[in-house]
Amino acid sequence: MIGPFLRLTLRGVADLRLHPFAQLLTLLAVAMVTLLTGLILLGMHNVDRELLRSRGKVEFQVYWKINALPAQVEKDWQAVRAMDHLTGFKTFTPRTALSELAGALGETGDFSWLTDNNPLPYSGLAAFAVPPEAQRAGWAADLLTRLKSLPGVDKVNYTPFQADLAQGWQTLTKLVVWPVLGFLGLIVSLVVHNTIKLSLLTRMDEVEILSLVGASPAYIRWPLLIGGLAQGILGAGLGIGLLAATHSAVADALNFPPFLIHLQFLPATQLLILAGAVTLVSTLSSWVAVK
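Rules of the game
Residues numbered from 1 in each chain as written. Predicted model: local features only at pLDDT ≥ 70, side-chain atom pairs only at ≥ 80, totals over all residues. Heavy atoms only, no water. Helix = DSSP H or I, 4+ residues; strand = E, 2+ residues; numbered from the N terminus. Contact = heavy atoms within 4.5 Å. Areas by Shrake-Rupley, 256 points an atom, 1.4 Å probe, with all protein chains shown as cover. Core = buried A, V, L, I, M, F, W, Y, C linked by side-chain atoms within 4.5 Å. Buried < 20%, exposed > 50% of the residue type's maximum accessible area, 1.4 Å probe, protein only. Polar contact = N/O pair within 3.5 Å; in protein donor to acceptor, adjacent residues only side chain to side chain. Phe/Tyr/Trp six-rings, centres within 6.5 Å; stacked < 30°, edge-to-face > 60°. Arc of directions from axis to C-beta. Pairing = 2+ DSSP bridges. Axes fitted to C-alpha atoms, helices over the stretch in contact; angles between N-to-C directions.

Engineer: Quick rundown of the overall build of the protein chain? Include the residues and the values.
Structural biologist: When helices and strands are counted, the protein chain shows nine helices and four strands. Taken from the N to the C terminus, the helices and strands of the protein chain come in the order α-α-β-α-β-α-β-α-β-α-α-α-α. The long-range fraction of contacts in the protein chain, counting pairs at least 24 apart against all pairs at least 6 apart in sequence, stands at 83%. Only carbon and sulfur atoms are counted for the fraction: they give 67% of the accessible area of the protein chain, which is about 17000 Å².

As structure tokens, then:
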């Protein structure tokens, strides 16, 4: 049982030589689709890595009430400093805030006449870096609510850029990237399907003779399925090799100030999934062609 099975398997691999030009074109098409898919996944992987590193950073500008007592403000400042994931908290009294404003305006910033009647409130700039494992939907809004709930706080401003960017990227991935990957998979299936079909048409006499002498459908189909499997494995391997060469050439393309981003290669699990998906699509498309 094992002997005939191995002979049919080897025959399926050897049959790739029957139409070398068509097989080569199919191999290149599968490799190019694998390369394009890998480049999209490589971009997604590095964008996700950068978002995970930066999307949990957010700054809140906190303003206290004009009539807030210094003791109450100091108590609120201690409460802010005790919050989780706080990375920095810069505080301003009305006097220091006026000095900062005067320094920013330069020679035109002479506000000495406001020293005894300072309209600026107590304020502070609180920076948080929430790690990915602590992030969830609405984590920035929770921080905003906690800061607003402090007794002496009047208002809190912040720009949820990183959180909105991460949400926008997830929406883009669902609406654009995954359909494109599905389209590339369809291209692989059509290319392999047409190649197997071409092989069947040129070997129609052989298939009919095998059927007439009593060969089972499995005996006829198995070498053809092995041909599709071999094309998927070889094409995926060649595409991943081209992907590795491309990554090596562009890995440090953004590794300069102010970006300082080193592009990482795909993890082994994603490479295995990519190769397995391409091989599976090739095998299934060859099965459809044989049927």
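Now, onward.
Engineer: Mind laying out the nonpolar core, listing which residues take part and the relevant values?
Structural biologist: Core analysis: the biggest nonpolar cluster contains 22 residues, and Phe60, Val62, Trp64, Phe128, Leu143, Leu147 and Val156 have the highest contact counts within it. Broken down by secondary-structure element, the contributors of at least two residues to this core are strand S1 (57–64), helix H3 (70–81), strand S3 (123–129), helix H5 (139–148) and strand S4 (153–158). Among the elements that make up this core, the one with the highest residue count is H5 (five residues). Apart from residues no more than four positions distant in its own chain, Leu147 is found in contact with Phe60, Val62, Val80, Met83, Phe128, Val153 and Val156. Val30, Met44, Val192 and Ile240 belong to the second largest nonpolar core, which has 18 residues in total.

Engineer: Help me get a handle on the environment of Gly228, residues and values and all.
Structural biologist: Note that Gly228 resides in helix H8 (residues 217–250). Judged by its relative accessible area of 0%, Gly228 falls in the buried class. Sequence-wise, Gly228 and Ser286 are 58 residues apart; in three dimensions their C-alpha atoms are separated by 5.3 Å.

Engineer: With reference to specific residues and values, describe the environment of Ser282.
Structural biologist: In this fold, Ser282 is placed in helix H9 (residues 268–290). Placed 57 residues apart in sequence, Ser282 and Leu225 show a C-alpha to C-alpha distance of 9.1 Å. Aside from chain neighbours lying at most four places away, what touches Ser282 is Val188, Val192, Gly228 and Gly232. Looking at Ser282, its side chain comes within polar contact range of the main-chain oxygen of Val278, at 2.9 Å.

Engineer: Just give me the short version of the packing of aromatic side chains, but keep the residues and values in it.
Structural biologist: Per the stated rule, a full pass over the model turns up three aromatic pairs. An angle of 85° between the planes, with centres 6.2 Å apart, marks the rings of Trp64 and Trp77 as edge-to-face. Placement of Trp64 in strand S1 and of Trp77 in helix H3 is noted, with a sequence separation of 13 residues between them. For the pair shown, Trp64 and Trp77 are each scored as buried. On the numbers, 6.0 Å between centres and 70° between planes, the contact of Trp77 with Tyr122 is edge-to-face. Linking Trp77 in helix H3 with Tyr122 in the loop between helix H4 (94–105) and S3, this pair joins segments that are 45 residues apart in sequence. Look at Tyr122 and you get buried, because its relative accessible area is 17%.

Engineer: Please provide a residue-by-residue account of the side chain of Thr37, values included.
Structural biologist: Inspection of the secondary structure assignment puts Thr37 in helix H2 (residues 20–54). Look past the residues within four positions of Thr37 in its chain and what remains in contact with it is Leu181, Leu184 and Leu274.

Engineer: I'd like a rundown of H5, residues and numbers included.
Structural biologist: One turn of an α-helix holds 3.6 residues; hence residues three or four places apart share an orientation. All buried positions along H5 are accounted for by Trp139, Ala140, Leu143, Leu144 and Leu147. The arc enclosing the buried residues of H5, seen along the axis, measures out at 145°, which places them on a common side. Each element contacted by the buried residues of H5 is listed here: S1, H3, S3 and S4.

Engineer: Hey, could you go over the sheet that holds S1 for me, with residue numbers and the actual values?
Structural biologist: Sheet architecture is open: four strands sit in the order S2-S3-S1-S4, paired in antiparallel fashion. Of all strands in the sheet, those bounded by a partner on one side alone are strand S2 (86–92) and S4. This sheet shows a mean twist of 20° between the axes of neighbouring strands, independent of strand direction. With seven bridges joining them, S1 and S3 adopt antiparallel strand pairing. Paired with Val58 across the two strands is Phe128, which belongs to S3. The strands touched by H3 within the sheet are S1, S2, S3 and S4, with S2 carrying the most contacts at an inclination of about 165°.

Engineer: I'd like a description of the pairing of S3, backed by residues and values.
Structural biologist: Of all the seven residues making up S3, five are buried; the element is thus mostly covered by neighbouring parts of the structure. The pairing of S2 with S3 spans six bridges and is classified as antiparallel. Following the sheet pairing, Phe92 is matched in S3 by Ser123.

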